[in-house]
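So the chains spell out like this:
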Amino acid sequence: MKNISQKKWFSLSIEKNDSINLDLVYAKLYNYLIGTNEINGKYIFYFDSVNKIKIRKIINSKLKQYTFKIQKLKYENWHKKYQDNFKIISINDNLKIVPYWHDISNENEIDFIRILPGMAFGTGHHETTRLIIESMPKNIRPGDKILDLGAGSGILSIAALKYGASFVKAIEYDKDCEENFIENMNLNNLQSNYSLEIDDVLNNKDYLYDVILVNINKNVILDLLPNIYKYKQDKFKMILSGLLVDDEEVISRLLDDLKFSIINKLKMGEWICLIIE
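To continue, consider the sheet that holds strand β9 (residues 167-172). In spatial order, the strands read β10-β9-β8-β11-β12-β14-β13; together these seven strands make up an open sheet with mixed pairing. Only two strands of the sheet have a single neighbouring strand rather than two, namely β10 (194-198) and β13 (262-268). Sheet twist, expressed as the mean angle between neighbouring strand axes with direction ignored, is 15°. In this sheet, strand β14 (residues 271-276) lies alongside strand β12 (residues 237-244) in antiparallel orientation, the contact comprising five bridges. Among the inter-strand pairings, Leu240 is bridged to a residue of β14, identified as Leu274. Docked against the sheet, helix α6 (residues 178-187) engages β9 and β10, running at close to 170° with respect to β10. Running at roughly 10° to β14, helix α8 (residues 248-257) makes contact with β12, β13 and β14 of the sheet.

Okay, structure coming up:
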C-alpha cells in the first residue's frame, strides 16, 4: 500500500439543486466512492485516481444528464485545506470532534475524538456520521459489544468506545482506509479493544453484537439487512444511516418484512438515521 502522502485522488463536484437525484448519483458511483462532502452549495464526491477512467465512463453513460466538475487532489493540497478550514464539531456538551493538531491540554471538562483527516475523508462533518454519533448516548450501554459496518476512518468506532462500548469489530471494504483507521485509533489511545477487517460487509456472518452501526448507501443496506436478520442475536439494536429521506419508504418496507421495528428516527438535512430493534 502506498504511503498516504504519495497517493492521489480526484473529486467530482456538482451544484446542489432540486433536479439532482442524489440517490441515483450515489448508487452509480458507490463502488468507487471513498468519501463525500457538502461545501458551499456543492455535493463533492472523492475517488482514488486509479479509477478515473471508470468514473468517466459511468458519468458519460449513466449520469450524462448531470454536469460535474473534476478536480485533481494531492495529499498536500486537501490536507492543508483541512488544516486551514477544519471546523470543530460539538456533538453535545460532553464530546467534540477535533483535528489532531488542535490543542486540548486546557480543556479538561470535555471528551474529544481526535482525528487525522485522511484518505477515508471521515471527519464527522457529514450528516450521516453526526446522526449516528448523536444517537449513541441513548443506545449504547457501558460494556456493549459493537459491530461497525462501513467503518471508513474509524470515527464511529472511536465514538462507540468513548460512550462505553467494551469492544468494537469494524469492517471496511476499502483497504486504503486501513492506515487512516489505525492512525485515528492511536490518536485516541485505543490499541486493544477493537479489531478491523478489510472485507465486503456482505461476506460477514458474525452479528452477535449488542449494537450494529451501519453507515452505507441504500443499495448495500438492502442486501445487508437479510443477512443481519439471519445471523443476529435475539436482543440487539441497529443504528442505520447513509440514507436519504427518499430512501425511507423502501428501507422501512424491507424492515417490516423482516420483522424489525423502527423505534426512533433522526433527520438532518436530506439525510435520516433509523434506530431499529
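Look at helix α4 (residues 127-139): 18 Å from first C-alpha to last across 13 residues, which is about the 18 Å you get at 1.5 Å a residue. Every buried residue of α4 is accounted for by Glu127, Thr128, Thr129, Leu131, Ile132, Ile133, Ser135, Met136 and Asn139.

Another point: unusual backbone geometry. The phi torsion at Asn189 lies on the positive side, around 55°, for a residue other than glycine. With respect to the helices and strands, Asn189 occurs in the loop between α6 and β10. Looking at Asn189, the relative accessible area reads 64%, which means it is exposed. A positive phi angle, near 65°, is found at Lys259, a position not held by glycine. Mapped onto the secondary structure, Lys259 falls in the loop between α8 and β13. Lys259 sits in the exposed class, given a relative accessible area of 69%.

What counts, and where the lines are drawn
Residues numbered from 1 in each chain as written. Predicted model: local features only at pLDDT ≥ 70, side-chain atom pairs only at ≥ 80, totals over all residues. Heavy atoms only, no water. Pairing = 2+ DSSP bridges. Helix = DSSP H or I, 4+ residues; strand = E, 2+ residues; numbered from the N terminus. Axes fitted to C-alpha atoms, helices over the stretch in contact; angles between N-to-C directions. Contact = heavy atoms within 4.5 Å. Expected span 1.5 Å × (residues − 1). Buried < 20%, exposed > 50% of the residue type's maximum accessible area, 1.4 Å probe, protein only.

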